[in-house]
Amino acid sequence: SAGLVFLARQIVLDRVVALKVLRRKQKISKRTEERFIREAATISKLDHPHIVKVYDASPFPKGYFIVMEYFEATDLQSLIEKRGAPSVPVAVSIGLQMCKALHYSGKEGIVHRDVKPANILYRADTGVAKLTDFGLAKRIGISAGTRDGEGVGTPCYMPPEQVNNARNVDHRADVYSLGASLYHLLTGRYPIIANNLQEFVQGILERDPPPIERFNPRVPREICEIVRKSMKKRADDRFQDAQEMYAALDAARRQYKIPAPPQLGAR
C-alpha cells in the first residue's frame, strides 16, 4: 500500500484539509473495513491543540481516505535532515508539547506506537508542534499488520517490549519513543545505528545509545538524564506516564530559564 497526501477543500464545511489516500491492491474484506471505521471513529474523537485532528475516514473500492486538519508545518525528520539538530530550547519546547499530547491521548486510552520525528510537525514561526499519524494504517493492518509477536513502528524509536509484542504495549512505549525522538533532536543522530534489522533489534533490546553529552555538550545534564530515563529498557524504570515526564522536563526548563512553549489552551 502507498499513502499520498493532498491539499483539499471540504466543500460542505468550506475548509482546507489534508487528504491522505491509502491505496491497496488486494480487495478489502468487510472485517477490515469495519475495523478501519471503528479505529477512525476512536481517533477522530481526539481533540487536542498538539494533535493533528482527524475529521473523517472512509473506505473506497481501492483503499481508504483520511480527512485531517491541515497544519502548515514541516516534520522534524525533514528539519533535522536539512538543518541539523535544533537548539536545546526548541527541542525542550517540542518535548513538552508532545508530553501534553501523549498525556491526553493516554487518558483517552490510545497508545500512538509510532512517535518519531517524522510524525511530529513543527512551525518555526509560532513554535507550535503537533503529533500526527496515529497509525490508522498500521492499526488496521493495511501496511505493516500487527500480529502477536510482531513489532510495529520505526525500529530506532521502538521500545524493547514493542519489538517483542506490539499488541501488548501501554503508554510507557510512547514515553520511550518520545525520549528516543528527543535524543535525535538533541544530537542530530539516530539513537540506534545499525547495518541491518538484526543489529537494530539487538541495539533496542541490549544497548543504551551513546551519551547525549558526547555529541552535544550544550545539553544540560538534567535534560540528558530525563532522556536516559525515558529510554530505559524496562518500562517500570521509565517515567510511568507522559505527565511525569512533562513535570521533570518542565522543572529542567525552569532551572535553565528556557522559554515556555506556546500556550494553546492545552488540556
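As shown above, the structure is provided for reference.
Residues numbered from 1 in each chain as written. Predicted model: local features only at pLDDT ≥ 70, side-chain atom pairs only at ≥ 80, totals over all residues. Heavy atoms only, no water.

**Q** How would you explain the overall build of the protein chain if you had to name every residue and give the values?
**A** When its secondary structure is counted, the protein chain shows 10 helices and 7 strands. Taken across its 267 residues, the protein chain has 49% of its residues classed as buried. Pairs at least 24 apart in sequence give 66% of the contacts found in the protein chain among residues at least 6 apart. By element, 51% of the accessible surface of the protein chain is carried by carbon and sulfur atoms, the whole surface being about 13,200 Å². (Helix = DSSP H or I, 4+ residues; strand = E, 2+ residues; numbered from the N terminus. Buried < 20%, exposed > 50% of the residue type's maximum accessible area, 1.4 Å probe, protein only. Contact = heavy atoms within 4.5 Å. Areas by Shrake-Rupley, 256 points an atom, 1.4 Å probe, with all protein chains shown as cover.)

**Q** Tell me about the environment of isoleucine 51, and please be specific about residues and values.
**A** Positionally, isoleucine 51 belongs in the loop between helix H1 (30-44) and strand S3 (54-60). Excluding anything up to four places from it in sequence, isoleucine 51 contacts Glu69, Ala101, Tyr104, Ser105, Lys130, Leu131 and Phe134.

**Q** Report on the nonpolar core, specifying residues and quantitative values.
**A** Ranked by size, the top nonpolar core spans 65 residues in total, and within it Ile94, Ile120, Leu178, Leu186, Ile223 and Met245 carry the most contacts. In this structure, isoleucine 223 is in contact with Val88, Val92, Leu186, Ala252 and Ile258, ignoring residues within four places of it in sequence. (Core = buried A, V, L, I, M, F, W, Y, C linked by side-chain atoms within 4.5 Å.)

**Q** Talk me through the pattern of salt bridges; I want residue IDs and the actual numbers.
**A** Scanning the entire structure with this criterion turns up 16 salt bridges. The salt bridge involving lysine 20 is made with aspartate 133; its shortest N-O contact spans 3.6 Å. Taken together, the residues span a long stretch of sequence, with lysine 20 in strand S2 (residues 15-23) and aspartate 133 in the loop between strand S7 (128-131) and helix H4 (136-139) at a distance of 113 residues. A relative accessible area of 26% means that aspartate 133 is categorised as partly exposed. In this structure, the salt-bridge partner of aspartate 170 is arginine 172, at a minimum N-O distance of 3.0 Å. You can call aspartate 170 partly exposed: its relative accessible area is 26%. For arginine 172, a relative accessible area of 15% corresponds to the buried category. Three or more residues joined by partner-sharing salt bridges are found here, namely Asp170, Arg172, Arg234, Asp236 and Asp237. (Salt bridge = Lys/Arg side-chain N within 4 Å of Asp/Glu carboxyl O.)

**Q** So what's going on with the sheet that holds strand S6 (residues 120-123)? Residues and values would help.
**A** Each strand in a sheet pairs with another by means of backbone hydrogen bonds, the pair being arranged parallel or else antiparallel. In space, the 3 strands of this open sheet follow the order S5-S6-S7, with antiparallel pairing throughout. The sheet terminates laterally at strand S5 (74-75) and S7, the two strands that pair on one side only. When S6 meets S7, the two strands line up antiparallel, connected through 4 bridges. Considered in S7, the bridge of isoleucine 120 is made with leucine 131. Running over the sheet, helix H3 (residues 88-107) touches S6 and S7 and is turned about 40 degrees from S7. (Pairing = 2+ DSSP bridges. Axes fitted to C-alpha atoms, helices over the stretch in contact; angles between N-to-C directions.)

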